[in-house]
Amino acid sequence: MILDSKIPAGPISEKWSKHKFNLKLVNPANKRKFEVIVVGSGLAGASAAASLAELGYKVKCYCFQDSPRRAHSIAAQGGINAAKNYPNDGDSVYRLFYDTIKGGDYRAREANVHRLAEVSVNIIDQCVAQGVPFAREYGGHLDNRSFGGAQVSRTFYSRGMTGQQLLLGAYSALSRQIGLGNVQMFTRTEMLDVVMVDGQARGIITRNLVTGAIEKHAAHAVCLATGGYGNVFYLSTNARGSNVTAAWRAHKKGALFANPCFTQIHPTCIPVSGDHQSKLTLMSESLRNDGRVWVPKAKGDSRRPEDIPEDERDYYLERIYPSFGNLVPRDVASRNAKQMCDDGRGVGASGLAVYLDFSDAIKRLGESVVKQKYGNLFDMYQQITGENPYKTPMRMYPAVHYTMGGLWVDYNLMTTVPGLYALGESNFSDHGANRLGASALMQGLADGYFVIPFTIGDYLASANLKPVKTDHPAFAEAENNVRDRINKLLSIKGKLTVKEIHQKLGKIMWDYCGMARSEEGLKHAKALIQELKSQFWNDVNVLGGGEELNQSLEHAGRLADFLELGELMVDDALHRNESCGGHFRTEYQTEENEAKRDDENFCYVAAWEYTGDNAPENLHKEPLVFENVKLSQRSYK
Amino acid sequence: MNLTLKVWRQKNNQEYGRLETYKIGDISPDMSFLEMLDVLNEDLTRKSIEPIAFDHDCREGVCGMCSLYINGRAHGPKFGTTTCQLHMRSFKDGDTIVIEPWRARAFPVLRDLVVDRGAFDRIMQKGGFVSVDTGSAPDANIIPIPKPVAEKAMDAAACIGCGACVAACKNASAMLFVSAKVSQLALLPQGQVERQTRVEKMVAQMDKEGFGNCSNTGACSAECPKEISVENIARMNREYFSARLTGTEI
Ligand SMILES: Cc1cc2nc3c(=O)[nH]c(=O)nc-3n(C[C@H](O)[C@H](O)[C@H](O)COP(=O)(O)OP(=O)(O)OC[C@H]3O[C@@H](n4cnc5c(N)ncnc54)[C@H](O)[C@@H]3O)c2cc1C
Ligand code: FES
C-alpha cells in the first residue's frame, strides 16, 4: 500500500485555495440524494453534521450520551487559538502555522497545519455569529490570552468554559438542522462496526443503548468524529465514556492507525488521591499565564508552602527556560515536573506534585480580577481537594490528556478506506508529536465547519456509488459479528470485573508507555498486556443481558478494544527509536535531558495496518517533507 | 465511613421500581459521590447482583449528564454543585442516603437512576439558536458588545442542561432551563432578529412536552448547580409577552 497524502502542489499559502477550486462540486439539487453518516457530536461531529445539512445533504448523526450537547468537547476549559492578531502583537497565519509545527516537534504535515491556521480566523467569526459569549474587553471587543508554546496572545476564551460554549454553539446549529428535518439524530447509540460494500464504507452497525437493539444504517459516506483514546490509561482527563471503539472498528476494516504512541500528558492536573479515583481533573493551561510553578530547593522539604521562604524555592521553569518561562509547551512542562519529583523535590503527601502559585498574581491584580479570570477553576480545585487556592498554592501533577495519534487521513480527511473520513481528535493529522494548548478546539471546528464540507463533495461527485440498502448481505454479516461479540462478552461469566481489568491496563500503560519509555519497559509491557487480554477474554464478569440498558456491557466492549490498542501503542513506541514531543524514550535524550529527535531515520508518520487477530501489524511510512520550516532542535530557552 | 444506601431500582420503563437497601463500608471522604457508587457497583458485581445504572460522563460538573436526587435534593446537599463534584466529606459515618432518579412527567425513567431528558433537546430544536449558516459570518469584532452584557449572557449560557431545575420544582417546570437560553440570545445583538419567534416557539414546545407551570418558588435556581438566576425567568416572561403583544405569527 502506498500512502498518498494528496497534498496539493504549489506554495504553502495557496495550496488550500487552489485545492478547493480543483475539488469537484455536487450540484445543489443532487445533494439531497446523498446520505452522510456522522458518528460523534463533539466539536468536530456537531459542526460537520450541521454544515453538511445546511448544504443540503441528508445527515444522520450519532452519539452515546443522552444528548449531543454532552460530548466530551464540553469539558474543554482554556480556550481556542486563532490568528486574528486583534492585539496587534505580531501574530499572523504564518506564525500560528510555525508555532504549531514547532510545538509538534516537527512530526506534523506542513500543508494541513497551514490550512488549520488559515481557517482559524473564520471559526471565531462563525462562533460569535452563533451567539457564543466569548470574553470581552471594556471596549466591547474580544479579549485574548496566551497559551503555552506561543509568544503572542491569540487564545479566545469564555471564562474557564470555552469548550462548553463552543460546543453549545455547534449544538445549536445542529439542533436547528434537526428541527428542520435535515439531520436525523440518534442519541444513546453506539457505533460498533463499519460496513463495507465493494471496498467502500457504506454504513454502520449500532447498538441502541436503552433497548440493546442492534441496528443497521446505510449511507454514501461515513465520517467518524469520535474523539480521542486517552482512556486506554484508565485515569485521564477525558470523560469516562471516551473510547476508541469506533476508530478501532474502522482500523480493523482497513483504516490505518497513525502514530498511536503520540499521547499528551498535561502538566497541570489535580494529583491522584487514592485507588477509588475514577478520573483526573485538569486545571487549564491558561493558569500558567498567571500562576508560577515551583518546588522547594531542598529535597524532602515537608514544610507548608507558606513557610518556605522565597530564596528556598526553585521556580524551575523560569530558571531553565527564561524566554518562555511558565509557558513552555506541555511536554516540556510535564517532563520537568516528573524530573523534580523523581529528584525527591515533589510536594504533598505522595511527593508526586509541584506547586502552582498565584500569590504574586493576586498581589499584582487583586483577588477579584483573578477570580474573574479563573474563578470556576479555583472553585473546582477547592471542591476536589478541600484546599483554598486563593490562600495556598495548588498542587499539580501531569496526567494523560489528549491523543495526537489516530486514524490516518489524507489532506481531504479521508482514511485509507474510501468513503470513510475521520475528523477532530479521532484523526492524527495536525499536532505531530505534541499538541499546543487551545488548538484541539480549533482543529475540531476547522475539520467540521471548513474542511469536510468541501472535501466530501469531491468524493460523492466522483466515486461512482451504487445504490446500497441495509438489506445488502454485507450489513447482515457485520451485524452478526457484532452480535457474536456481545454474546461472547456476556457468556464468559468469570471472576474479574471490567473496571479492575481496565485499571490494570491503565497502570501498565502509565508505567511503561507514559511520560518516559524505554525499550526494556516497553517489551515488558507488551507481555503484560497480552496476558491481561487473555485474562479478560477468559475471566471477565459482565452481568445482565444484551437486550437492555447495560453499562457494564458497554464498558466491557470498549475495554476489549483498548486492550488491542494498548498493544499497538507499545509496538509503535518501541519502533520509534527517537524522542519527539510527548514521546520520550529514555535512551534518546540530549545532555540537557531534552527530547532528541532523529530526523534522518524517523521523520515520518508511522501508519499501522491491521492484519488479523493476534498477528503483528504492518508498518507503512509517510515521509514528512518540510518545504517551509527548517527542522531544528526545539528550544524554549 | 460506613453508610446505608437506599437506591431506586427499576428494570426498565415498563416495570415498577422500588427502593433497595445496601450497606457499604470503607468509604473515604475524598471520594466523589459517583466514585462511592462505583465502589458499590464493584461490590454488587462480585456478588452477582446487577450494578446500578446511573448517568455520568465528564465527572467535572460541566456535561450535565449526571443527575440523582439525593436525600430529597437535586444533586445532593451542597449548593452550586453537581453530583459528580459532590464529595463524601459532605456526609458522615453512619448516614443513611436515599438516592432516586429525577422525578418529572417529562423525564421518564429508563432504568434505575437513568432518565430520558430528550424533551430538553426538542425544545432547543425549536428555537435555541441563531440561524446562521456556516461561512456566512462577518468579522467577529464588527459588533462590539459591552462587557457587562457579554458577562450576563455568559451567566445564562453556563447552564449545563442537567434537569435539576425540573427535578427540584414541585410543578416540574422547565422555565429556568428555557429562560437561560432565551436570555442569552435576547441579550446579545446576534440574537435580535429571531428574538420574538424564538421565545414563542420554545415556550410552545416546553408546554407540549408536559412540563409544569412556574409558580415562582425559586427552588429551581436554589438547586441549580450552575446557580442560574431566576432573573432569567422574569426576562423570558417579558420577552414572551412582548412577542405576543406585537403578534408575529409562528
Ligand atoms: C479536560 C479537558 C480540557 C480541554 N481543554 C482544551 C482547551 O482549552 N483547548 C483546546 O483546544 N482543547 C482542549 N481539550 C481537548 C479538546 O477538548 C478535545 O480534543 C476535543 O474537544 C475533541 O473533540 P472531538 O469533536 O474530536 O471529540 P469529542 O468531543 O470527544 O466527541 C466525541 C463524540 O463521539 C461520540 N462517540 C464516540 N464513540 C462513539 C461510538 N462508538 N458510537 C457513537 N458515538 C460515539 C461521542 O458520543 C461524542 O459525541 C481539552 C480536553 C480535556 C479532556
Ligand atoms: S458527569 Fe458531567 S456534570 Fe456530572
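Within each chain, residue numbers correspond to sequence positions counted from 1 in written order. Written order determines the labels here, with chains lettered from A and ligands numbered from 1. In keeping with the predicted nature of the model, local features appear solely for residues at pLDDT of at least 70, side-chain atom pairs appear and are counted solely at 80 or more, and the whole-chain, interface and lining totals rest on all residues. To obtain the side-chain values, all non-hydrogen atoms of the structure were included, while hydrogens and water were left out.

**With respect to the nonpolar core**
Across soluble globular proteins, you tend to see nonpolar side chains buried next to one another. Definition of nonpolar core: a set of buried residues of the types Ala, Val, Leu, Ile, Met, Phe, Trp, Tyr and Cys, connected through side-chain atoms within 4.5 Å. Any residue under 20% of the maximum accessible area for its type is buried, any over 50% is exposed, and the rest in between are partly exposed; the area is computed with a 1.4 Å probe on protein chains only. Formed by 242 residues in total, the largest nonpolar core has its most connected members in I80(A), F134(A), I456(A), L460(A) and F211(B). By definition in these notes, contact holds between two residues if any of their heavy atoms fall within 4.5 Å. In contact with F134(A), other than residues within four places in its own chain, are I80(A), I124(A), C127(A), V128(A), L142(A), F156(A), Y157(A), S158(A), L166(A) and A150(B).

**Topic: the domain arrangement of chain B**
Residue and element names in this part refer to chain B. As annotated, the domain borders come from an automatic or database domain assignment. What the domain assignment reports for chain B is domain 1 (3-110) and domain 2 (118-245). The C-alpha centroid of domain 2 is placed 29 Å from the C-alpha centroid of domain 1. With 19 residues of domain 1 in contact, the opposing surface of domain 2 contributes 20 residues. Once two parts are brought into contact, the accessible area they lose, counted with a 1.4 Å probe and summed over both, makes up the buried area. Counting each side, the surface lost to burial between domain 1 and domain 2 is near 1400 Å², with a carbon and sulfur contribution of 58%. Three residues stand out in domain 1 for area buried against domain 2, namely G80, A106 and F107, and they jointly supply 30% of the buried area on that side. Put simply, a salt bridge is a Lys or Arg side-chain nitrogen that is within 4 Å of an Asp or Glu carboxyl oxygen. Between the two partners, domain 1 and domain 2, sit 1 salt bridge. Between R73 and E223 there is a salt bridge, with its nearest N and O atoms 2.6 Å apart. Any N or O atom pair separated by 3.5 Å or less is treated as a polar contact, with the protein-specific requirement of one donor-capable and one acceptor-capable atom, and with residues adjacent in sequence counted only for side-chain atom pairs. Scanning the region where domain 1 abuts domain 2 turns up 3 residue pairs in polar contact (both at pLDDT 80 or more). The class makeup of the residues in the side of domain 1 that touches domain 2 is 10 nonpolar, 6 polar and 3 charged. As a working rule, the residues Ala, Val, Leu, Ile, Met, Phe, Trp, Tyr, Cys and Pro are called nonpolar, Asp, Glu, Lys and Arg charged, and the rest polar, with Gly in that last group.

**Here we look at helix α14 (residues 498-513) of chain A**
Note that an α-helix has 3.6 residues per turn; residues three or four places apart therefore point the same way. Between its first and last C-alpha atoms α14(A) spans 21 Å; for 16 residues at 1.5 Å apiece the expected length is 22 Å, and the two agree. Put simply, DSSP H or I for four residues or longer makes a helix, DSSP E for two residues or longer makes a strand, and each gets a number counted from the N terminus. Turning to α14(A), its buried residues are V498(A), K499(A), I501(A), H502(A), L505(A), G506(A), I508(A), M509(A) and C513(A). Its buried side turned inward, α14(A) meets α15 (519-539) and α16 (551-575) of chain A together with α1 (33-46) of chain B. Each helix should span, by expectation, one fewer than its residue count multiplied by 1.5 Å.

**Considering the sheet that holds strand β7 (residues 200-208) of chain A**
Residues and elements named next belong to chain A. Read across the open sheet, the 3 strands follow the order β6-β7-β8; overall the sheet is antiparallel. Edge positions in the sheet fall to β6 (189-197) and β8 (214-218), since each has one partner strand and no second. Neighbour-to-neighbour, the strand axes of the sheet open up by a mean angle of 25°, direction not taken into account. An axis is simply a line fitted to the C-alpha atoms; with a helix, the fit covers only the stretch in contact. Between two such axes, the angle follows the N-to-C directions and lies from 0 to 180 degrees. Its contacts with the sheet place helix α13 (residues 473-491) against β6, β7 and β8, and it is angled at close to 140° to β6. The pairing criterion for strands is at least two bridges between them, as found by DSSP.

**So, the environment of Y157(A)**
All names here are of chain A. Along the chain, Y157 turns up in the loop between β4 (155-156) and α6 (162-179). According to the relative accessible area criterion, Y157 is buried, its value standing at 7%. Separated by 12 residues in the primary sequence, Y157 and R145 place their C-alpha atoms 7.9 Å from one another. Ignoring anything within four residues of it in the chain, the contact list for Y157 reads G78, G79, F134, A135, D143, N144, R145 and T162. Of the polar contacts made by the side chain of Y157, one reaches the side chain of D143; its length is 2.6 Å.

**Quick look at the domain arrangement of chain A**
All names here are of chain A. Looking at chain A, the domain boundaries give domain 1 (35-264 + 402-462), domain 2 (268-400) and domain 3 (474-623). One C-alpha centre belongs to domain 1, the other to domain 2, and the line joining them spans 30 Å. With 26 residues of domain 1 at the contact, the number on the domain 2 side is 26 residues. Taking both partners together, domain 1 and domain 2 bury about 2300 Å²; carbon and sulfur atoms supply 54% of that area. When the buried area of domain 1 at its contact with domain 2 is split by residue, Q77, L235 and T237 rank highest and sum to 27% of it. Linking domain 1 with domain 2 are 0 salt bridges. Seen at the junction of domain 1 and domain 2, the total is 11 residue pairs in polar contact (both at pLDDT 80 or more). Grouping the amino acids of the side of domain 1 that touches domain 2 by side-chain chemistry returns 9 nonpolar, 14 polar and 3 charged.

**With respect to the pattern of salt bridges**
All names here are of chain A. Scanning the model with the defined rule gives 83 salt bridges over all chains in all. The shortest N-O distance in the salt bridge between K373 and D290 comes to 3.1 Å. Here K373, found in helix α11 (residues 367-385), pairs with D290, found in the loop between β11 (263-269) and β12 (292-296); they are 83 residues apart in sequence, far enough to count as distant. Residue K373 is classed as partly exposed on the basis of its relative accessible area of 28%. On the basis of relative accessible area, D290 is assigned to the buried category, the value being 7%. Across the pair R634 and D331 runs a salt bridge, and its minimum N-O distance is 2.5 Å. Within this pair, whereas R634 is found in the segment after β19 (618-623), its partner D331 is found in helix α9 (residues 330-342), the two being separated by 303 residues in sequence. The residues R634 and D331 share a single accessibility class, namely buried.

**Considering the pairing of strand β15 (residues 394-403) of chain A**
Residue and element names in this part refer to chain A. By the criterion of burial, β15 is predominantly enclosed, with 10 of the 10 residues buried. Sheet analysis places strand β14 (residues 354-357) next to β15, joined by 3 bridges and oriented antiparallel. Its bridge partner being in β15, L356 is matched across the sheet by M394.

**Concerning the interface of chain B and chain A**
Chain B puts 75 residues into the contact, and the matching count from chain A is 76 residues. Taken together, the two surfaces of chain B and chain A that pack against each other cover about 6300 Å², and 50% of this comes from carbon and sulfur. Considering only the surface of chain B that becomes buried against chain A, E60(B), T134(B) and K147(B) emerge as the three largest contributors, covering 11% of it. On the surface where chain B and chain A come into contact, there are 10 salt bridges. Here K279(A) ties to E60(B) by a salt bridge, and the two come within 2.8 Å at their closest N and O atoms. Here the residues of the side of chain B that touches chain A sort into 36 nonpolar, 18 polar and 21 charged.

**Structural notes on α16(A)**
All names here are of chain A. Over its 25 residues, α16 runs 36 Å from end to end, which matches the ideal 36 Å to within 8%, given 1.5 Å per residue. Summarising burial for α16: 22 of the 25 residues are buried, a large majority. Backbone nitrogen of S552 and a side-chain oxygen of the N-cap are separated by 3.2 Å at the start of α16; the cap is N550.

**Points about the sheet that holds strand β1 (residues 3-9) of chain B**
Residues and elements named next belong to chain B. Here 5 strands make up an open sheet; going across it, the order is β2-β1-β5-β3-β4 and the pairing mixed. Edge positions in the open sheet fall to β2 (18-24) and β4 (73-74), since each of these has one partner strand only. Two elements, β1 and strand β5 (residues 96-100), share 4 bridges in a ladder whose sense is parallel. The partner of K6 across the bridge, within β5, is V98. Seen against the sheet, α1 touches β1, β2, β3 (69-70) and β5 and runs at an angle of roughly 90° to β2.

**Side note on the packing of aromatic side chains**
Aromatic contacts are taken between Phe, Tyr and Trp rings whose centres are within 6.5 Å, Trp giving its six-membered ring; a plane angle under 30 degrees counts as stacked, one over 60 as edge-to-face, and the others as tilted. Throughout the structure, instances matching the rule amount to 26 aromatic pairs over all chains. On the basis of an interplanar angle of 75° and a centroid distance of 6.3 Å, the ring pair of Y106(A) and F626(A) is categorised as edge-to-face. Here Y106(A) is found in the loop between α4 (93-103) and α5 (110-130), whereas its partner F626(A) is found in the segment after β19, with 520 residues between them in sequence. Here F378(A) and Y390(A) contribute two aromatic rings whose centre-to-centre distance is 4.7 Å and whose plane-to-plane angle is 45°, an arrangement assigned as tilted. One end of the pair, F378(A), is in helix α11; the other, Y390(A), is in the loop between α11 and β15, with 12 residues separating them in the sequence. Each member of the pair, F378(A) together with Y390(A), is buried. The rings of F358(A), Y374(A), F378(A) and Y390(A) are connected pair by pair, giving a single aromatic cluster. The ring of F454(A) has K20(A) sitting right over it, with the charged end atom 5.0 Å from the ring centre. The ring of F79(B) carries the charged tip of R73(B) above its face, separated from the ring centre by 4.8 Å. Should the NZ of a Lys or the CZ of an Arg lie within 6 Å of a ring centre and within 35 degrees of the ring normal, that charge is described as sitting over the ring.

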